Amino acid sequence: MRLLSRLASGEHQSGTAATFDQARADFEAAWRVFLSNRTEADFQAWRDERDWTARKYALWEAGNRLPANEWEPGKPCKIYLKCPCGEIFNTQRLEETVIHVPHITAAATLH
């Protein structure tokens, strides 16, 4: 988890417990401390990275590459969408978008 990779010095903890219940209680206490030291910006940075990575792998699976200006982590591929039919398409190309409008509309009415 990216949030965990940004631990400040001294934040890392490890240990053992005699029982599962004690280990669970220790974990929950440590998690509360961890969360109390996170800001909304930390969570947003994690969400941005997660979304960028998902878009990147979806493009790769579709046999596409990220545009040159989209390589930086945290910089989302906003012009690409994954259609409910599974295809990745460029939303700035009308001919590609029109094909997927019925799929997107149908999926939106289900939610």
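Draft legend 1. Representation of the overall build of the protein chain in the model. The helix and strand inventory of the protein chain stands at 4 helices and 2 strands. In the protein chain, the succession of helices and strands from N to C terminus is α-α-α-β-β-α. In the protein chain, of all internal contacts separated by at least 6 residues, the share reaching a separation of at least 24 is 30%. When the accessible surface of the protein chain is split by element, carbon and sulfur atoms take 56% of a total near 8,300 Å².

Draft legend 2. Focus on the environment of Leu-59. Structurally, Leu-59 is set in helix α3 (residues 40-61). A C-alpha to C-alpha distance of 6.3 Å links Leu-59 and Ile-88, two positions 29 residues apart in sequence.

Draft legend 3. Main features of the state of the cysteines. Enumeration over the complete set of coordinates arrives at 0 disulfides. Cys-85 supplies the cysteine sulfur nearest to Cys-83, a cysteine that is in no disulfide, at a spacing of 3.5 Å. In this structure Cys-83 comes out as buried when scored by relative accessible area, which is 3%.

Draft legend 4. Representation of the environment of Ala-106. Examined against the element boundaries, Ala-106 turns out to sit in helix α4 (residues 94-110). C-alpha of Ala-106 to C-alpha of Pro-84: the two residues are 22 residues apart in sequence and 8.9 Å apart in space.

Draft legend 5. Highlighting the packing of aromatic side chains. In total, this model carries 3 aromatic pairs according to the counting rule given. Ring centres of Phe-27 and Trp-31 lie 5.9 Å apart, and the angle between their planes is 15°; this geometry places the pair in the stacked category. In this pair, Phe-27 and Trp-31 both sit in helix α2 (residues 20-36), 4 residues apart, roughly one turn of the helix. The exposure class of Trp-31 is partly exposed, given its relative accessible area of 29%. With a centroid separation of 5.0 Å and an interplanar angle of 25°, the aromatic rings of Trp-31 and Phe-34 are classed as stacked. Placement of the pair is Trp-31 and Phe-34 together in helix α2, with a separation of 3 residues, close to one helical turn. A residue is classified by how much of its surface remains accessible, and Phe-34, at 7% relative accessible area, is buried. Ring-pair connections join several aromatic residues into one group, and the members of that group are Phe-27, Trp-31 and Phe-34.

What counts as what
Residues numbered from 1 in each chain as written. Predicted model: local features only at pLDDT ≥ 70, side-chain atom pairs only at ≥ 80, totals over all residues. Heavy atoms only, no water. Helix = DSSP H or I, 4+ residues; strand = E, 2+ residues; numbered from the N terminus. Contact = heavy atoms within 4.5 Å. Areas by Shrake-Rupley, 256 points an atom, 1.4 Å probe, with all protein chains shown as cover. Disulfide = S-S within 2.5 Å. Buried < 20%, exposed > 50% of the residue type's maximum accessible area, 1.4 Å probe, protein only. Phe/Tyr/Trp six-rings, centres within 6.5 Å; stacked < 30°, edge-to-face > 60°.

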